[in-house]
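Each chain, letter by letter, is given below.
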Amino acid sequence: MPSRQGYALLIALVAGTAVLAAIAAVLGPALFTGDRPTAPPPAETHAAARNPVAPANAAGNWVATWTTAPVGAEPGTGNGLPGSTIRNVVHTSVGGDAARITLSNLFGTAPLRIDRATVNTRPVTFDGASAVTIAAGKRVVSDPVVVPVAADSDLQVSFRTPRTSGPVTYHPNTHQTSYLADDKGTWSTNRWRYLTAVDVRNEAAPGTVVVIGDSLTAGSGSTTDANTRWTDVLADRLGGRYGVANAGIAGNRLLTQGSAGQAGIVRFERDVLSVAGAHTVIVALGINDVQQAPQEPDPRRIVAGLRTLTEQARARGLTVVGATLTPFEGFPTWTPERNAVRLAVNEEIRAGSVFDAYVDFDEAVRDPYAPNRLRAAYDSGDHLHFNDAGYRALGERVDLTTVERPRTPESDEL
């Protein structure tokens, strides 16, 4: 067990609530034959289901403890996964006394039927019903389910798709083991399917830090199931006081459609600004615009795109922290000309004209004797992505005072 999970479990044992969740995960719902916790009143239940972007100060104080960005239609799933039970395992950042889930059929081409859903074995309903149909291109937020959720812990969200639907909306390369079960058996997978958010009810949490990024935020090169992405490190440092929502997509670009996912400038509203309790935004995009074909040769266009994201977030009263672009000399796409674009973008970020604050990821991981390369101790081996030590260096570089700034009046009116 990673040390952060042990620490979180100790806190939960002291609080006494997560013990019930742990027992339930082993023995199942049949254990709870006596009195159950009181569910939220219907008015709150239905309001929460209708409004997946409730601000942090809304009734019930809903904040995202985990998110992922939908990437596309899963190859080979043209008919969906009929008769299958999908068990997504996710890692929380902040705890709460109730949870709600968001299911997305964004890249589906037909209605998606879910006839049974659970969070850590607790049944989930949708507008009071145990089943729900999600139209193609749409998403749905569940009713709240009273289940203790510990910070810094693994959570299992399961649901069954009983019939043929259409392509599965998914997120690949999760660095987390989940499961898929049908009448032939159970298989492990590194894909999250349909699930895009888990929110918790937490009366004390000021909100969630939402991070939009590429493979360096998604955690490419990190150890599977160790939760060593730099966003996990940040969540550890915040100590469960805030949620941390990771909207990183491997291969993602800021300005144009790339090898994976919609461009950051397109998905920003959905994957960042619509996150429950969004408090602060961290933008860590741009390196793929520099190094992926077709490369963006004009740093001014990248900077303008970053400024657009900042303006959109500021309009919601959110603080925006931007990350400098990290070195990649030695990666096959590196050239002196592309590196010059990276350096020019970083110069603008450091000048303070792009974001409210910035975190200097470049300085944190570059080799002091060869500043266009990563430190060898942080290199996963391909000279672009990091190992666990490199991601720790990024997560520790973030100045917590920049992400814990008070929300402005504009954000409280959302």
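Check the entry above for the structure.
So, here is what we can say about the structure in this document.

Conventions adopted
- Residues numbered from 1 in each chain as written.
- Predicted model: local features only at pLDDT ≥ 70, side-chain atom pairs only at ≥ 80, totals over all residues.
- Heavy atoms only, no water.
- Pairing = 2+ DSSP bridges.
- Helix = DSSP H or I, 4+ residues; strand = E, 2+ residues; numbered from the N terminus.
- Axes fitted to C-alpha atoms, helices over the stretch in contact; angles between N-to-C directions.
- Contact = heavy atoms within 4.5 Å.
- Parallel < 35°, antiparallel > 145°, perpendicular 65-115°, else oblique.
- Left-handed = near helix turned anticlockwise from the far one by under 90°.
- Nonpolar A, V, L, I, M, F, W, Y, C, P; charged D, E, K, R; others polar.

1. Regarding the sheet that holds strand E20 (residues 357-359)
Here comes step 1: Pairing in this open sheet of five strands is parallel, and the strands run E17-E16-E18-E19-E20 from one edge to the other. Looking at strand neighbours, the two that pair on one side only are strand E17 (243-248) and E20, the edges of this open sheet. This sheet shows a mean twist of 25° between the axes of neighbouring strands, independent of strand direction.
Here comes step 2: When strand E16 (residues 208-213) meets strand E18 (residues 278-284), the two strands line up parallel, connected through six bridges. Within E18, the position partnered with Val211 by the bridge is Ile282.
Here comes step 3: Together, E16, E17 and E18 form the strand contacts of helix H6 (residues 264-273), whose direction differs from that of E16 by roughly 155°.

2. Topic: the sheet that holds strand E3 (residues 84-91)
Here comes step 1: The sheet built from six strands is open, its strands ordered E7-E6-E10-E3-E12-E13 with antiparallel pairing. One side of each edge strand has no neighbouring strand; the edge strands of this open sheet are strand E7 (122-123) and strand E13 (185-189).
Here comes step 2: With three bridges joining them, E3 and strand E12 (residues 178-182) adopt antiparallel strand pairing. Across the sheet, the residue bridging to Thr85 is Ala181, located in E12.

3. Describing the packing of helix H5 (residues 230-238) against helix H11 (residues 388-397)
Here comes step 1: Following both chains from N to C, one finds H5 and H11 inclined at 45°, their axes separated by 7 Å at the closest point. With respect to H11, the axis of H5 lies oblique. The way H5 lies across H11 gives a crossing that is right-handed. Note on element contacts: H11 touches H5 through Tyr391, Arg392, Leu394, Gly395, Glu396 and Arg397, opposite Trp230, Val233, Leu234 and Arg237.
Here comes step 2: In terms of residue class, the contact of H5 with H11 is built from five nonpolar, one polar and four charged.

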